[in-house]
Amino acid sequence: MCTTTPLRRALITVTATAAVALTATGTAVAVPVSGTAAAPRATAPAALHPVVELASERLATADLVAAAKWGTDSPIDDPAREQQVLDNVAAQAQQLGADPDEIRVIFRDQIEANKTVQRGLFQRWTDHPDQAPTTKPDLSVVRQEINRITSALVQSLAVTSEDRGTFACRPELALAAFQVRYENHLDGLHTRALVRALPSVCRN
């Protein structure tokens, strides 16, 4: 279980202010509770907003991965694939002059967050079979998109290395996460997964 950090507490508060509704197709959307619909007024820090946005984009691919695996023998946990991702991001980080070990840790969180979405969707589809996907995306095509987002996220992490080492990082990251949740209309499941994806982004 993850330790509750200031970032997690801030985002858990955000999660608590939203009610989740499901469309007829089983797609989850966030519905603000009455009195909380106003958009955040502050502008997200320019340095960290792209990091959070890319983490959110990467999480969105978990829906496609889950749909591709649903009803098959493919497990959610795929240690070989996960190790390949971690090795690739470490190599890319080294080429960019970033700390490979730090990037590995951050992407371990990305992977666990992705699996949080997959497990949540599997449970939803088990409980509500009528909401389960009826078509399967091509997993190889989905992984090409994941690789694209992953590369962009490594680059964004490398560019923001200095920002991520300041004491202002966590409150700024929480603000960026709040805005990304609002902008992308994340439901409860994807908001919890975004919280899971971000704790290692800041060093302090």
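Above this note sits the structure.
Numbering of residues starts from 1 in each chain and follows the order in which that chain's sequence is written. Residue-level local features of this predicted model are given only where pLDDT is at least 70; pairs of side-chain atoms are given and counted only at 80 or more, and the full residue set underlies all totals for whole chains, interfaces and linings. Side-chain measures here rest on the full set of heavy atoms in the structure, leaving out hydrogens and waters.

1. A few points about the state of the cysteines
Link 1 in the chain: In what follows, a disulfide is any cysteine sulfur pair within 2.5 Å. The full count for this structure, using the stated rule, is one disulfide.
Link 2 in the chain: With its sulfur 1.9 Å from that of its partner, cysteine 169 forms a disulfide with cysteine 202. The sign of the -75 degrees torsion about the S-S bond sets the cysteine 169-cysteine 202 disulfide as left-handed. Residue cysteine 169 is found in helix H6 (residues 169-183), and its partner cysteine 202 is found in the segment after helix H7 (188-197); the two are separated by 33 residues along the sequence. One exposure class covers both cysteine 169 and cysteine 202, and it is buried. Secondary structure elements are taken from DSSP: a helix is a run of H or I of four residues or more, a strand is a run of E of two residues or more, and numbering for both begins at the N terminus. When accessible area is computed with a 1.4 Å probe and restricted to protein chains, residues below 20% of their type maximum are described as buried, those above 50% as exposed, and intermediate ones as partly exposed.

2. Details of the packing of aromatic side chains
In this description, an aromatic ring pair is defined by two values, namely the gap between the centres and the angle between the planes.
Link 1 in the chain: The aromatic pairing rule takes the rings of Phe, Tyr and Trp, using the six-membered ring of Trp, and pairs them if the centres are within 6.5 Å, calling planes under 30 degrees apart stacked, those over 60 edge-to-face and the rest tilted. Enumeration over the complete set of coordinates arrives at three aromatic pairs.
Link 2 in the chain: The interplanar angle of 75 degrees and the centroid separation of 5.5 Å between the aromatic rings of tryptophan 70 and tryptophan 125 together place this pair among those described as edge-to-face. In this pair, tryptophan 70 is assigned in the loop between helix H2 (49-69) and helix H3 (79-96) and tryptophan 125 in helix H4 (residues 100-127), connecting sequence segments 55 residues apart.
Link 3 in the chain: A relative accessible area of 7% means that tryptophan 125 is categorised as buried.

3. What about the pattern of salt bridges?
Link 1 in the chain: The working definition used for a salt bridge is a side-chain nitrogen of Lys or Arg within 4 Å of a carboxyl oxygen of Asp or Glu. Going through the model one piece at a time under the given rule, you end up with 14 salt bridges.
Link 2 in the chain: With its nearest N and O atoms 3.1 Å apart, the salt bridge here joins arginine 108 to glutamate 82. Note that arginine 108 is positioned in helix H4 and glutamate 82 in helix H3, a separation of 26 residues in sequence.
Link 3 in the chain: What makes arginine 108 partly exposed here is its relative accessible area of 29%.
Link 4 in the chain: The buried category is assigned to glutamate 82, whose relative accessible area is 10%.
Link 5 in the chain: Where glutamate 112 meets lysine 115, a salt bridge forms, and the shortest distance between an N and an O atom there is 3.1 Å.

4. What to know about the nonpolar core
Link 1 in the chain: Buried residues of nine kinds, namely Ala, Val, Leu, Ile, Met, Phe, Trp, Tyr and Cys, make up a nonpolar core once their side-chain atoms join them within 4.5 Å. Ranked by size, the top nonpolar core spans 43 residues in total, and within it Val52, Ile103, Phe107, Leu157, Leu194 and Leu198 carry the most contacts.
Link 2 in the chain: Going through the elements one at a time, H2, H3, H4, helix H5 (139-159), H6 and H7 are the ones with two or more residues in this core.
Link 3 in the chain: At nine residues, H4 tops the list of elements feeding residues into this core.
Link 4 in the chain: When residues no more than four places from it in sequence are discounted, the contact partners of phenylalanine 107 are Arg58, Leu86, Val89, Thr150, Leu153, Val154 and Leu157.
Link 5 in the chain: In terms of nonpolar packing, the next biggest core, distinct from the first, is built from five residues, Ala68, Leu139, Val142 and Ile146 among them. Contact definition: two residues touch when any of their heavy atoms are within 4.5 Å.

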